[in-house]
Amino acid sequence: MNLEEILIIIGFVLVMVGVIFSCLNGESDNNIKIAIGVIFIVGGFIVLTLGMYMSLTKTSTEEYNICSVKTQSEYSSCFFLGTGGMEKDDYYYFFRINEKGGKSIDRVPMQWATVYDTLSKSETPHIIIKKRGDSIDSAELYVPKGTVIDTYDISYPE
């Protein structure tokens, strides 16, 4: 359990104690109980807000080796980076290689990704993902030279 989660739990407990404490009806010192309850509630909300703010602004960096579907003929082979969309968002799709060598499909939103086709044949394609909280802040895909096509020939073959 990390610090953000602990602060959120403590804040919630303080708010609940404050609510319970201020709702107790005793015969004496009722105003003091309400005041102490309000102090617990306000303190709880402050701690709760701090924990939520810390969890939303926490940054992390992840790096993975990636691979793709390999197309191969007797003349050439290439690295293929898949693309696609769901509703309004477009994504780059790729296979992420885990520690045991297994492969699982993953994706990053195109709007946050930059593709660098600078790797030589001996270098391993990889991705660096920077996150803020649980959302992706940026992604850098490093793929072999020639992966990105700058010009397209859309003429109809005769």
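See above for the structure.
Basis of the calculations
- Residues numbered from 1 in each chain as written.
- Predicted model: local features only at pLDDT ≥ 70, side-chain atom pairs only at ≥ 80, totals over all residues.
- Heavy atoms only, no water.
- Phe/Tyr/Trp six-rings, centres within 6.5 Å; stacked < 30°, edge-to-face > 60°.
- Helix = DSSP H or I, 4+ residues; strand = E, 2+ residues; numbered from the N terminus.
- Buried < 20%, exposed > 50% of the residue type's maximum accessible area, 1.4 Å probe, protein only.
- Lys NZ or Arg CZ within 6 Å of the ring centre and 35° of its normal.
- Salt bridge = Lys/Arg side-chain N within 4 Å of Asp/Glu carboxyl O.
- Expected span 1.5 Å × (residues − 1).
- Arc of directions from axis to C-beta.
- Contact = heavy atoms within 4.5 Å.
- Core = buried A, V, L, I, M, F, W, Y, C linked by side-chain atoms within 4.5 Å.
- Pairing = 2+ DSSP bridges.

K.L.:
I keep staring at the packing of aromatic side chains and nothing clicks. Help me out?
P.N.:
Two descriptors summarise a pair of aromatic rings, namely the distance from one centre to the other and the angle between the planes of the rings. On inspection of all chains with the given rule, the structure shows 2 aromatic pairs. Arranged with centres 5.0 Å apart and planes meeting at 15°, the rings of Y116 and Y142 form a pair that is stacked. A residue pair is termed long-range when its members are at least 10 positions apart, and Y116 in strand β7 (residues 113-119) and Y142 in strand β9 (residues 135-144) qualify at 26 residues. Its relative accessible area of 32% is what places Y116 among the partly exposed residues. What makes Y142 buried here is its relative accessible area of 19%. Above the ring of Y64, the side-chain terminus of R96 is found at 4.2 Å from the ring centroid. Between R107 and the ring centre of Y91, over which it is positioned, the NZ or CZ distance is 4.0 Å.

K.L.:
Looking at this structure, how should I read the pattern of salt bridges?
P.N.:
Think of it this way: side chains of opposite charge can pair up when their charged atoms draw near. For the structure on display, the rule yields 3 salt bridges. A salt bridge links R96 to D106; its shortest N-O distance comes to 3.1 Å. With R96 in strand β5 (residues 89-97) and D106 in strand β6 (residues 103-109), this pair connects stretches of sequence that are 10 residues apart. According to the relative accessible area criterion, R96 is partly exposed, its value standing at 23%. Overall, D106 belongs to the buried group, its relative accessible area being 18%. When the shortest N-O distance is used, the salt bridge between D137 and R132 registers 3.2 Å. Residue D137 is classed as partly exposed on the basis of its relative accessible area, which comes to 36%.

K.L.:
When you look at helix α1 (residues 3-23) in this model, what are you seeing that I'm missing?
P.N.:
Residues spaced three or four apart along an α-helix face the same direction, because each turn holds 3.6 residues. Along its 21 residues, α1 runs 30 Å from first to last C-alpha, staying within 8% of the 30 Å computed at 1.5 Å per residue. Within α1, burial applies to E4, L7, G11, V15 and G18. Viewed along the axis of α1, the buried residues span an arc of 70°, placing them on a single side of the element. Structural note: α1 exposes F12, I20 and C23 on the side pointing more than 90 degrees away from its buried face.

K.L.:
Can you walk me through the side chain of H126 in this structure?
P.N.:
Relative to the helices and strands, H126 is located in strand β8 (residues 126-132). Its relative accessible area of 16% is what places H126 among the buried residues. When residues no more than four places from it in sequence are discounted, the contact partners of H126 are E63, Y64, N65, I66, L119, E140, L141 and Y142.

K.L.:
I keep staring at the nonpolar core and nothing clicks. Help me out?
P.N.:
Soluble globular proteins tend to pack their nonpolar side chains together in the buried interior. With 11 residues, the main nonpolar core is built from I66, Y92, F94, V108, A113, V115, I127, I129, A139, L141 and V143. Within the residue set of this core, elements represented by two or more residues are β5, β7, β8 and β9. When residues in this core are grouped by element, the largest group, 3 residues, is from β9.

K.L.:
Would you take a moment to explain the pairing of strand β1 (residues 59-67) for this structure?
P.N.:
On any regular strand, side chains alternate: one points to one face of the sheet, the next to the other face. In the sheet, β1 pairs with β8 via 7 bridges, with the strands oriented antiparallel. Opposite N65, over in β8, you have H126 as the bridge partner. Taken together, the 2 bridges between β1 and β5 define a ladder with antiparallel strand orientation. Across the sheet, the residue bridging to C67 is F95, located in β5.

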